[in-house]
Amino acid sequence: MAKQHAAVWYEHLHTEKHTGARRGRIHTPHGTFETPMFMPVGTQGAVKGVDVRTLKDIGSQFILSNTYHLWVRPGDELIAEAGGLHKYMGWDQAILTDSGGFQVFSLSDARKLKEEGVTFKNHVNGDKMFLSPEVAMRIQNNLGSDVMMQLDEAIPYFETYDYVEKSMQRSLRWADRAQQYHKKTDTQALFGIVQGAGFKALRTESAQELVKMDLPGYAVGGLSVGESKHEMNRVLDFTMPLLPEDKPRYLMGVAAPDSLIDSVMRGMDMFDCVLPTRIGRKGTLMTPHGRVVIKNSKYKNDFTPIDADLSYYSDNPIRSEQFGNLAQYDIPGYNPFQTLTRSYLHHLFNANEQLGSQIASAHNLRFLLQFMEDMRRAIENDELLEFRERVMEDYGYNKPNARLF
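First, a word on what this report is: a plain description of the structure on this page. All values reported here derive from a predicted model rather than from experimental measurement.

Criteria and thresholds
Residues numbered from 1 in each chain as written. Predicted model: local features only at pLDDT ≥ 70, side-chain atom pairs only at ≥ 80, totals over all residues. Heavy atoms only, no water. Phe/Tyr/Trp six-rings, centres within 6.5 Å; stacked < 30°, edge-to-face > 60°. Lys NZ or Arg CZ within 6 Å of the ring centre and 35° of its normal. Buried < 20%, exposed > 50% of the residue type's maximum accessible area, 1.4 Å probe, protein only. Helix = DSSP H or I, 4+ residues; strand = E, 2+ residues; numbered from the N terminus. Contact = heavy atoms within 4.5 Å. Polar contact = N/O pair within 3.5 Å; in protein donor to acceptor, adjacent residues only side chain to side chain. Axes fitted to C-alpha atoms, helices over the stretch in contact; angles between N-to-C directions. Parallel < 35°, antiparallel > 145°, perpendicular 65-115°, else oblique. Left-handed = near helix turned anticlockwise from the far one by under 90°. Nonpolar A, V, L, I, M, F, W, Y, C, P; charged D, E, K, R; others polar. 1 Å grid on protein atoms, 1.4 Å probe; cavity = no way out; pocket = protein on both sides within 12 Å on 5 of 7 lines; lining within 4 Å. Points joined across faces, edges and corners; volume = space filled by probe spheres on them. Pairing = 2+ DSSP bridges. Patch = residues over 30% accessible without salt bridge, like charges linked within 9 Å, V, L, I, M, F, W, Y side chains within 5 Å. Areas by Shrake-Rupley, 256 points an atom, 1.4 Å probe, with all protein chains shown as cover. Salt bridge = Lys/Arg side-chain N within 4 Å of Asp/Glu carboxyl O. Lys, Arg positive; Asp, Glu negative; His and termini not counted. Charge placed at Lys NZ, Arg CZ, Asp CG, Glu CD.

## Focus: the packing of aromatic side chains
- The tally for this structure, following the rule as stated, stands at 10 aromatic pairs.
- Aromatic rings pair up to connect F367, F371, F387, Y395 and Y397 into one cluster.
- Directly above the ring of Y181 sits K183, whose terminal nitrogen or CZ lies 4.7 Å from the centroid.

Pasting the structure below:
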């Protein structure tokens, strides 16, 4: 049974009888949310092009923000002075913050890694900075996120066994230091990150040692970084059974529909990725029947809806409970994805109107949020294999030379 006294805890509702996929809920200080879930990414305290009311309109639950970027600007101490990240950005649901390590290791060439932490120059003004497990905890405590990630080293998947072993063991020591430094265990939950690349022995050691720490939740890191989908599934196959069944499980950086299903079938609960808004800003839509590049000329005279299959969360009665009197300002039956045409969205992009990228970004997020809603329903009905087969066919994975994401 989950530890209900913890800041964040997992409630199991159902196990899909054919695959073992989990259907559950995650309880946080800012509400209870359904799993498996996809989390929109708000790197700098904002989901690019999508305001918080729209995020609620499309059914967002958790959102993710980035510790590194918020540390660099406007600064974690300023955000703490403002009352924390929730208040600062006007978001009253759950927030997960990463540790900042991925950005430090990917954005900076001039970095020095030591046992104490990593020294680097930030990408804004080149100032020398130092990030350690303790500093990452201090920043995230100031931000006030519901879920915080330990600092770990972000390394390429295809490194040597010796390098991965040393990195993994260092990340374990950093997890212990983060747990010791964590100051707000009653309101914030620290998740550990399982590392070890594709080496079963190293993944096993990492998972077992982190589980001994009895953290509120666990992530599997070092995947979706260039390895094949087969390789990612292989790692999940031998890693997931090592993690506690009564704790939430998080896989970073995944948004492809087939990978979402395959990871859920292996026991994952939480996902995030910048993909939907990144490609949306460039004019690519994720639809139930595959990618649509709306800037293509063939959509100039296409007066069909942007996406006739996509619902809009404001149609759900629960929305009036969330917004109260604000609901009176809604346009009855408003659904931009069904009301607006592909021709109109094509025009917005052709005319360089910012509204185009805003609509496309919200569309792609809603696609993934609805996708997860449909997947939760399939798990409840023990029909996840049928759901996967339908998605593979309709989305185009079964077509030769399919252009995906």
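## Describing helix 9 (residues 229–239)
- When we look at burial in helix 9, the residues that qualify are E231, M232, N233, V235, L236, F238 and T239.
- Among the structural elements, strand 11 (189–194), helix 8 (200–212), strand 12 (217–220), strand 13 (249–251) and helix 10 (257–265) are those in contact with the buried residues of helix 9.

## Considerations on the side chain of S206
- For S206, the position within the fold is in helix 8.
- A relative accessible area of 1% means that S206 is categorised as buried.
- A distance of 3.1 Å separates a polar side-chain atom of S206 from the backbone nitrogen of Q195.
- Apart from residues lying up to four places away in sequence, S206 is in contact with M168, L172, I193, V194 and Q195.

## Comments concerning the packing of helix 14 (residues 342–350) against helix 15 (residues 354–380)
- Running from amino to carboxyl end, helix 14 crosses helix 15 at an angle of 130 degrees, the nearest separation of the two axes being 7 Å. It follows from the interaxial angle that helix 14 and helix 15 lie oblique. In the packing of helix 14 onto helix 15, the handedness of the crossing is left-handed. Contacts between helix 14 and helix 15 pair Y344, L345, L348 and F349 from the former with L355, G356, S357, I359 and A360 from the latter.
- For the contact of helix 14 with helix 15, the residue count by class is 7 nonpolar, 2 polar and no charged.

## Digging into the layout of surface pockets
- By volume, the largest pocket amounts to about 1,200 Å³.
- Of all the secondary-structure elements, those providing two or more residues to the lining of the largest pocket are helix 5 (101–107), helix 9 and helix 11 (275–281).
- Grouping the constituent residues of the lining of the largest pocket by class yields 23 nonpolar, 16 polar and 8 charged.

## Quick word on the side chain of Q93
- Take Q93: it is sitting in the loop between helix 4 (85–89) and strand 6 (95–97).
- A polar side-chain atom of Q93 sits 3.1 Å from the main-chain carbonyl oxygen of Q61.

## Thoughts on the sheet that holds strand 13
- Here we have 8 strands laid out as an open sheet, ordered 4-14-13-12-11-10-6-5, and parallel in their pairing. Whereas interior strands pair on both sides, the edge strands pair on one side only; in this sheet they are strand 4 (37–39) and strand 5 (63–65). Here the average twist between neighbouring strands, direction ignored, is 30 degrees.
- Note: strand 11 against strand 12, 4 bridges, orientation parallel.

## Topic: a positive patch on the surface
- A grouping of K48, R278, R281, K282 and K295 is seen on the molecular surface, where their side chains present a positively charged patch.
- Mapped onto the elements of the fold, K48 is located in the loop between strand 4 and helix 1 (52–57).

## Looking at unusual backbone geometry
- Omega for the peptide link from T35 to P36 comes to 0 degrees, which places this bond in the cis form.
- Of the consecutive residues R73 and P74, the connecting peptide bond is found in the cis state with omega at 5 degrees.
- Summarising the element assignment, P74 is placed in the loop between helix 2 (67–72) and helix 3 (76–81).
- The backbone of A197 shows a phi angle near 50 degrees, a positive value even though the residue is not glycine.
- Relative to the helices and strands, A197 is located in the loop between strand 11 and helix 8.
- Overall, the relative accessible area of 5% leaves A197 in the buried class.

## Section: helix 10
- Of all 9 residues that make up helix 10, 9 are buried, and the element is covered over most of its length.
- Turning to helix 10, its buried residues number three or more, namely P257, D258, S259, L260, I261, D262, S263, V264 and M265.
- Just past helix 10, the residue G267 takes up positive phi, approximately 110 degrees.

## Topic: the pairing of strand 9 (residues 128–131)
- With burial as the criterion, only one face of strand 9 is covered, namely that bearing M129 and L131; the residues K128 and F130 on the opposite face remain uncovered.
- Relative to strand 9, strand 8 (residues 118–121) is paired through 4 bridges, and the arrangement is antiparallel. What sits directly across from F120, in strand 9, is M129.
- Once strand 8 ends, the chain turns through 6 residues before running back antiparallel as strand 9, passing G126 with a positive phi of about 80 degrees.

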